[in-house]
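An overview of the molecular structure
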Amino acid sequence: MTVNTPTEDEGGGLRGRLADIPRERLVDEVVSRWDDMIRLEGEVANLRRRVREAELVSQSGGIDGTLIGELEERLRVAGSKVRQLEGVVQNEKARRESAEADSSRLAELQEENARLLRNEEELLLLVLDMEAQIDRLASDS
């Protein structure tokens, strides 16, 4: 249910219509609208800044030296951030490759451990069998 202008058959007004909405859903709707409003205010502020920059450019009859310097500085900072993020990506990629290699090695070690345990069990059974045969031979003599 969205809140729009009331229709003629809804005589209770806004309070009545809102009372019909479950409280949790109403809270979710309010939070959602609040987030939308904050996002839109940010977009408006960004657009106002861009309009102001355009006005300054048009008033000066073109791009002046300070604006060029500011834009070059922004470009340099953006390039620095890009390089930093590329480094982070490379580090994460190396970390994941290392973790993958470690997990592969772990799987190999677990398989080797299982094989050794089976071998130990077989040898233990062989020793027990040999002890039984020794006891049987000793009792026969």
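Cut-offs applied
- Residues numbered from 1 in each chain as written.
- Predicted model: local features only at pLDDT ≥ 70, side-chain atom pairs only at ≥ 80, totals over all residues.
- Heavy atoms only, no water.
- Helix = DSSP H or I, 4+ residues; strand = E, 2+ residues; numbered from the N terminus.
- Buried < 20%, exposed > 50% of the residue type's maximum accessible area, 1.4 Å probe, protein only.
- Areas by Shrake-Rupley, 256 points an atom, 1.4 Å probe, with all protein chains shown as cover.
- Patch = residues over 30% accessible without salt bridge, like charges linked within 9 Å, V, L, I, M, F, W, Y side chains within 5 Å.
- Salt bridge = Lys/Arg side-chain N within 4 Å of Asp/Glu carboxyl O.
- pLDDT = per-residue confidence, 0-100.

The secondary structure content of the protein chain amounts to three helices and zero strands. Counted from the first residue to the last, the protein chain has its helices and strands arranged as α-α-α. The buried share of the protein chain, taken over its 141 residues, is 2%. Accessible surface for the protein chain amounts to roughly 12600 Å². Of this, 57% is attributable to carbon and sulfur atoms.

Let's shift gears to a nonpolar patch on the surface. A cluster of nonpolar side chains, Trp34, Met37 and Ile38, forms an exposed patch at the surface whose accessible area comes to about 320 Å². Within the secondary structure, Met37 is located in helix α2 (residues 23-59).

A word on the pattern of salt bridges. Enumeration over the complete set of coordinates arrives at 11 salt bridges. With its nearest N and O atoms 2.9 Å apart, the salt bridge here joins Arg39 to Glu43. Here Glu43 and Arg39 lie together in helix α2, a separation of four residues that amounts to about one turn. Residues Glu53 and Arg74 are paired through a salt bridge, measuring 3.3 Å at the closest nitrogen-oxygen approach. Here the residue Glu53 occupies a position in helix α2, and Arg74 occupies one in helix α3 (residues 65-140), the gap between them amounting to 21 residues. The class of Glu53 is partly exposed, set by a relative accessible area of 25%. Looking at Arg74, the relative accessible area reads 38%, which means it is partly exposed. Residues participating in the shared-partner salt-bridge network are Arg49, Glu53, Glu70 and Arg74.

Summary statistics for the protein chain give a mean pLDDT of 83 and a share of 86% for residues scoring 70 or more. When mean pLDDT is compared element by element in the protein chain, α3 scores highest at 89, while helix α1 (residues 13-19) scores lowest at 81.

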